[in-house]
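# A structural walkthrough
Residue-level listing of the chains:
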Amino acid sequence: MHRPGASTGDVHTLEVAYLKARIQHLELVLETARGLMGSNHERLLRRLHDVPGELAELGVQLRRLDPKRVL
């Protein structure tokens, strides 16, 4: 059950953002593995470092809206 005052739409919107961020992270892992020696490796490594923090923040927000949600 989600937090009183949090709309189902808010929870779903945040859940979609969280899942998109997880997909983006996995895509970055693959892109980094493929292009580590290429010219974009510094940008990829920086994003690879930043995305887990973004995932963690989205997860915190989701758990605030819906404490019983399992991510």
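In what follows, the structure referred to is the one given above.
About the thresholds
- Residues numbered from 1 in each chain as written.
- Predicted model: local features only at pLDDT ≥ 70, side-chain atom pairs only at ≥ 80, totals over all residues.
- Heavy atoms only, no water.
- Helix = DSSP H or I, 4+ residues; strand = E, 2+ residues; numbered from the N terminus.
- Rg over C-alpha atoms; globule rule 2.2 N^0.38 Å.
- Contact = heavy atoms within 4.5 Å.
- Core = buried A, V, L, I, M, F, W, Y, C linked by side-chain atoms within 4.5 Å.
- Buried < 20%, exposed > 50% of the residue type's maximum accessible area, 1.4 Å probe, protein only.
- Axes fitted to C-alpha atoms, helices over the stretch in contact; angles between N-to-C directions.
- Parallel < 35°, antiparallel > 145°, perpendicular 65-115°, else oblique.
- Left-handed = near helix turned anticlockwise from the far one by under 90°.
- Nonpolar A, V, L, I, M, F, W, Y, C, P; charged D, E, K, R; others polar.

### Some remarks on the overall build of the protein chain
When helices and strands are counted, the protein chain shows 2 helices and 0 strands. Taking 2.2 N^0.38 as the reference for a compact globule, 71 residues should give roughly 11 Å; the C-alpha atoms of the protein chain span a radius of gyration of 15 Å, well beyond that estimate. Once the C-alpha set of the protein chain is aligned to its principal axes, its extents read approximately 50 × 15 × 15 Å. A separation threshold of at least 6 residues defines the contact pool for the protein chain, and within that pool the share at least 24 residues apart is 62%.

### Remarks on the nonpolar core
If you look at the biggest cluster of nonpolar residues, it comprises 12 residues: Ala6, Val11, Leu14, Tyr18, Ala21, Leu28, Leu44, Val51, Leu55, Leu58, Leu62 and Leu65. For this core, the secondary structure elements donating two or more residues are helix H1 (8-35) and helix H2 (41-65). Ranked by the residues each element gives to this core, the list is headed by H2, at 6 residues.

### Re the packing of H1 against H2
Put simply, H1 and H2 touch, their axes get as near as 9 Å, and they point 160° apart. With respect to H2, the element H1 is oriented roughly antiparallel. Here H1 and H2 pass one another in a crossing that is left-handed. Of the residues assigned to the contact of H1 with H2, the class counts are 16 nonpolar, 7 polar and 7 charged.

### A closer look at the environment of Leu65
Along the chain, Leu65 falls in helix H2. C-alpha separation for the pair Leu65 and Leu14, spaced 51 residues apart in sequence, amounts to 9.1 Å.

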